[in-house]
Amino acid sequence: MASVVCGAGRKAATAPRLSVVDSYNQAVAAAAIVDPDVWTELFDSAFARIAGRFFRVEPRLAARAFLLGLLSDIDTRSCWQLAEQAGHRSPHGMQSLLGEAVWDADAVRDDLRRYVVDELGDPDGVLIVDDTGDLKRGMHSVGVQRQYTGTAGRIENSQVSTFLAYATAKGRALIDREVYLPTSWTGDRARCRVAGVPDDVEFATKVTHARRMLARALAAGVPAAWATADEFYGNERGLRRDLQARRVGYVLAVARNHRVTLPTGTAQVEHVADRLPARSWNRRSAGKGAKGERDHDWAWVRITPPADESTGHHWLLVRRRISDGELAYYRCWSPKPVSLSTLVRVAGTRWCVEECFQAAKGQVGLDQHQVRKWTSWHRYTTLVMLAHAILAVIAARERATRGDDAPELIPLTVNEIRHLFAKLVSNTIRTITHWLHWSHWRRLHQKRAMTSHYKRRGPPFSDERLHHETRLEY
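About the criteria used
- Residues numbered from 1 in each chain as written.
- Predicted model: local features only at pLDDT ≥ 70, side-chain atom pairs only at ≥ 80, totals over all residues.
- Heavy atoms only, no water.
- Helix = DSSP H or I, 4+ residues; strand = E, 2+ residues; numbered from the N terminus.
- Buried < 20%, exposed > 50% of the residue type's maximum accessible area, 1.4 Å probe, protein only.
- Contact = heavy atoms within 4.5 Å.
- Areas by Shrake-Rupley, 256 points an atom, 1.4 Å probe, with all protein chains shown as cover.
- Axes fitted to C-alpha atoms, helices over the stretch in contact; angles between N-to-C directions.
- Parallel < 35°, antiparallel > 145°, perpendicular 65-115°, else oblique.
- Nonpolar A, V, L, I, M, F, W, Y, C, P; charged D, E, K, R; others polar.
- Expected span 1.5 Å × (residues − 1).

**Structural notes on the overall build of the protein**
Part 1 of the reasoning: Scanning the protein from N- to C-terminus turns up 18 helices and 14 strands.
Part 2 of the reasoning: Expressed as a percentage of the 474 residues in the protein, the buried residues total 47%.
Part 3 of the reasoning: Expressed as a percentage of contacts within the protein between residues at least 6 apart in sequence, the contacts between residues at least 24 apart total 63%.
Part 4 of the reasoning: Just so you have it, the protein exposes about 23,700 Å², and 52% of that area is on carbon and sulfur atoms.

Written out as structure tokens, the structure reads:
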């Protein structure tokens, strides 16, 4: 008879070893064991980093329940569902946490950044800047207007935010954030005050956000040898100069009409690529992807920097897709000589921020906030970033602990860890009375909201009309 240990010392039912196949399955199961108690300790250790930011016990407990709710299996991360998951009798505690409670979201962000560095930090780390958009229906959420967002790939009513990610061989996580306020907002101070935007907040481009976040990270001692971003940021000379001044190398995408200087003169990068001989191209992998190695053909050309940027080493890096020959261009700088493979690796690291967005939105609700005001947005987003970082740290710990114990399985991913964390740690058993109470709460407040909506529409208003239109709507 053989038993399989599951979790913290818990044993499953015993079963005889009947065959080679059964032994194989037991070996795989043993390699797949996770310990919920260890994950709980890692969660508590992460929360301890920020617990002191909440001076009263009520918001401190609410913040812990909020994080556990983000890591649970609830449908959406609204205050209502988070409160129901936490066992609260109403959403007021969660709403107060994001609104009226006294705590500093920027201080928590700083704690989050230090947590990520302590757990995932590496001197060869890469800082990655990118922005993402969340589609919105109304016009009252801070920063919302009709604008282009890559999430939809077109102009939509949306809220756009800029993020800074940190990536190393151990893992990657989001460590800073800024919400973008268009001029339609900053030019209307009354509208800003309604949304709680401080009076000293003025219009700033997304590139300005990027420069601020990079400066904060580097001033805080985040160990990073490189920075990377897409062409929206790579075309900005001021950002490149910031990184040079701090001796941080960069591989920044640029547009095809971006101009560089060669010994023969100035030219657009697409024209430089057209003149490259066949021997200039080298096949290199930019890292492993979901379908294997991300192989491309690469060429690099030394370029002449402006007179006031003479230090360090400057290159133009060109990537050619193998399947159709599509080209992409990068402007690169390093304080010391590096290999082509190093530049290729950094260029491939940029996709880590997309993976962070995908996991943070899909697993912990980065795009599910139902808040309108400046303070609430920063608080919600910071807590979501911490929840995602906790998953990234658990994944890193699991890889470091288990190594190659189960070659038949892929390592535990952030997505799989969130799924298991919800089942083994976050999800709790509640009484039938609790669930029925919340059903009553939702229906009561939905009725009040519906009545208020019809009253705002003005006369004629009557219970008969409400009943008739409600029946048609639902």
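**Describing the packing of helix α2 (residues 36–51) against helix α16 (residues 414–426)**
Part 1 of the reasoning: As a packed pair, α2 and α16 sit with axes 10 Å apart at the nearest point and diverge in direction by 100°. Classified by the interaxial angle, the pair formed by α2 and α16 is roughly perpendicular. In this structure, α2 contributes P36, W39, T40 and F43 to the contact, and α16 contributes I417, L420, F421, L424 and V425.
Part 2 of the reasoning: Each residue belonging to the contact of α2 with α16 can be placed in one class, and the counts come to 8 nonpolar, 1 polar and no charged.

**Description of the environment of F163**
Part 1 of the reasoning: With respect to the element layout, F163 can be found in strand β5 (residues 154–167).
Part 2 of the reasoning: For F163, a relative accessible area of 2% translates into the label buried.
Part 3 of the reasoning: Linking F163 and R177, residues 14 residues apart in sequence, is a C-alpha distance of 4.5 Å.

**Some points on helix α14 (residues 351–364)**
Part 1 of the reasoning: In a regular helix each residue adds 1.5 Å, so 14 residues correspond to 20 Å; α14 covers 19 Å between its end C-alpha atoms and thus fits that length.
Part 2 of the reasoning: All of the buried residues in α14 are C352, V353, C356, F357, A359, A360, K361, Q363 and V364.
Part 3 of the reasoning: Just beyond α14, the residue with positive phi is G365, at close to 80°.

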